[in-house]
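Listed below are the residues making up each chain.
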Amino acid sequence: MPFYHTPLAIGLSLLHVYVWWRVVKQGMAPGPRRRIVTGLLIVLDLFMVAALLLSTRMPPSDTLWFAWPGWVWFGMFFYGVLVVLVLEIPRLFLRGWVRRDRDPDKNGISRRQFLARGTGVIAGVTAVAAAGFGIPAAFADPRMRTVRIRLPRLDPKASGCRIALVSDLHLGSLRGRGFTQRVVDMINDSRPDIVAIAGDLVEGTVDHLSDAVEPVRELRSTHGTFFVTGNHEYHYRYTEWVDYVRTLGVRPLLNERTTITHNGGQFELAGVLDPGALVEDGQGPDVARTLRGWDKERAMVLLAHQPSVVHDAAAAGVDLQLSGHTHGGQIAPFNLLVAATQVAVSGLSTQGDTQLYVTSGAGFYGPPMRVGAPSDITIVELHSD
């Protein structure tokens, strides 16, 4: 389980108290209806806490009864509490109007109750609308994108090499073997030369999720499938996952590189550990060590789960870094926070002379929603001109 889930669960429970106070206590008179709504909020909060703290500790088949409502409510609550917080701003300007309220209107509703009920309605409509749009988007098959990237140092003979970049499947309680199989079939249908899995494959341990990952064995490409760890692998005994993907015919690149020979032309493919390894075993992404001895006449393509590694990649003269991690922001306006903390949210950008491509990922993490950030699998076409 990620270390931050416990403080997150506590924080979200406190936010439930805040929403109850602002919307329910202030908006509803004491009585059976208020007690029912209060009880419902408590139950939904308990489902969400259970999803956060227990869903990765048990086999997925044992968690569905609380993981589904818990994670769905997490997403809806995110939008609901966001609306309540934003509406605190106009409430500040209406404090005088509320204080001047001497008598309730003919329906017995005070101005304070009117604002609380209006806040609740707007928050509820927003949460339901986000779920109605975001849940189908999250469970839709990833879109296939093709991006043409020019690498001046690429051997012209290797021009046209196609890398299927897939990241962030987050297989677990809400996404399992069926989803993996669809992703594998989509990649195979694109007939890639290389498959690159850029981390965050799972949300659980090998003994619980090996069957969900097993279809990866069926991936087909000219030069094979390569894997780098994401930060979430380090929550679930990552060495066991590294060993397991090897049994599926996948080659992990753990601060390692290899030479790819495509149509007689050569370039280098490297992969680095995720920074999460620093917490797990004192190791981390070591671009300098990974590239030691690199013949710089050859183009270098680096797989790194987190875009932030591009600073070291650019310093080392890497031609192209392929990353995931961001989910494209997954649920707007969370993408604004991602943009503030990451080098790039999605798509192609540059850091010095190094190009960086970030996929939005194939799956989702936490709430089963995608709003403004559709999932994708990207075919990266390398060209010399």
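Please read all numbers here as calculations on a predicted model, not as lab measurements.

## Section: the pairing of strand S9 (residues 320–323)
- Both faces of S9 are covered, namely the face carrying Leu320 and Leu322 and the face carrying Gln321 and Ser323.
- For strand S8 (residues 300–303) and S9, the ladder comprises three bridges, and the chain directions are parallel. If you follow Val301 over to S9, its bridge partner there is Leu320.
- Between the parallel pair S8 and S9, the chain is carried across by helix H12 (residues 310–316), and the sense of this crossover is right-handed.

## Thoughts on the sheet that holds strand S7 (residues 265–271)
- Here six strands make up an open sheet; going across it, the order is S6-S7-S8-S9-S11-S10 and the pairing mixed. Because the sheet does not close on itself, it has two edges, and the strands there are strand S6 (256–262) and strand S10 (347–351). Here the strands of the sheet are splayed against their neighbours by 25 degrees on average, with no regard to which way each runs.

## Some points on the sheet that holds strand S12 (residues 376–383)
- Spatially, the six strands line up as an open sheet ordered S1-S12-S2-S3-S4-S5, and their pairing is mixed. Two strands in the sheet have a free side with no partner beyond their single neighbour: strand S1 (143–150) and strand S5 (250–252). Between one strand axis and the next, the sheet turns through 25 degrees on average, direction left out of account.
- As defined by bridge partners, strand S3 (residues 194–197) adjoins strand S4 (residues 225–227) across three bridges and the pair is classed as parallel. Across the sheet, residue Ala196 finds its bridge partner in S4, namely Phe226.
- Lying over the sheet, helix H9 (residues 238–247) contacts S4 and S5, oriented at roughly 145 degrees with respect to S5.

## Regarding empty space enclosed by the protein
- What the rule picks out here adds up to three cavities of 30 Å³ or more.
- In terms of lining residues, the largest cavity is bounded by 15 residues, among which Trp71, His170, Ser173, Glu203 and Gly366 are the most central.
- Looking at the lining of the largest cavity residue by residue, the classes come out as six nonpolar, seven polar and two charged.
- Reported here for the second largest cavity is a volume of approximately 70 Å³.
- The wall of the second largest cavity is formed by Val166, Leu169, Thr180, Val183, Val184, Ile187, Ile197, Leu201, Val216 and Leu219.
- Counting residues per element, the lining of the second largest cavity draws most heavily on helix H7 (residues 177–189), which supplies four residues.
- Its residues assigned to classes, the lining of the second largest cavity shows nine nonpolar, one polar and no charged.

## Details of the packing of aromatic side chains
- On inspection of all chains with the given rule, the structure shows 10 aromatic pairs.
- Plain terms: the ring middles of Phe47 and Trp65 are 6.4 Å apart, the flat faces sit at 75 degrees to each other, and that makes the pair edge-to-face. On the criterion of sequence distance, the pair formed by Phe47 in helix H2 (residues 32–54) and Trp65 in helix H3 (residues 60–86) is long-range, its members being 18 residues apart.
- A relative accessible area of 61% places Trp65 in the exposed class.
- Taking the centre distance of 5.9 Å and the plane angle of 80 degrees together, the rings of Trp241 and Tyr244 count as edge-to-face. Remark: Tyr244 and Trp241 occur in helix H9; sequence separation between them is three residues, near one turn of the helix. Like Tyr244, Trp241 is buried.
- Ring pairs connect the aromatic residues Phe47, Trp65 and Phe66, which therefore count as one cluster.
- Directly above the aromatic system of Phe179 lies the positively charged group of Arg175, at a separation of 3.7 Å from the ring centroid.

## A few points about the packing of helix H8 (residues 206–213) against H9
- Contact geometry of H8 with H9 gives a least axis separation of 11 Å together with a crossing angle of 30 degrees. Classified by the angle between their axes, H8 and H9 sit roughly parallel to one another. Every pair of crossing elements has a handedness; the one defined by H8 and H9 is right-handed. Residues Val206, Leu209, Ser210 and Val213 of H8 pack against Glu240, Trp241 and Tyr244 of H9.
- Split into classes, the residues belonging to the contact of H8 with H9 amount to five nonpolar, one polar and one charged.

What counts, and at which threshold
Residues numbered from 1 in each chain as written. Predicted model: local features only at pLDDT ≥ 70, side-chain atom pairs only at ≥ 80, totals over all residues. Heavy atoms only, no water. Buried < 20%, exposed > 50% of the residue type's maximum accessible area, 1.4 Å probe, protein only. Helix = DSSP H or I, 4+ residues; strand = E, 2+ residues; numbered from the N terminus. Pairing = 2+ DSSP bridges. Right-handed = clockwise from strand over helix to strand, strands pointing away. Axes fitted to C-alpha atoms, helices over the stretch in contact; angles between N-to-C directions. Contact = heavy atoms within 4.5 Å. 1 Å grid on protein atoms, 1.4 Å probe; cavity = no way out; pocket = protein on both sides within 12 Å on 5 of 7 lines; lining within 4 Å. Points joined across faces, edges and corners; volume = space filled by probe spheres on them. Nonpolar A, V, L, I, M, F, W, Y, C, P; charged D, E, K, R; others polar. Phe/Tyr/Trp six-rings, centres within 6.5 Å; stacked < 30°, edge-to-face > 60°. Lys NZ or Arg CZ within 6 Å of the ring centre and 35° of its normal. Parallel < 35°, antiparallel > 145°, perpendicular 65-115°, else oblique. Left-handed = near helix turned anticlockwise from the far one by under 90°.

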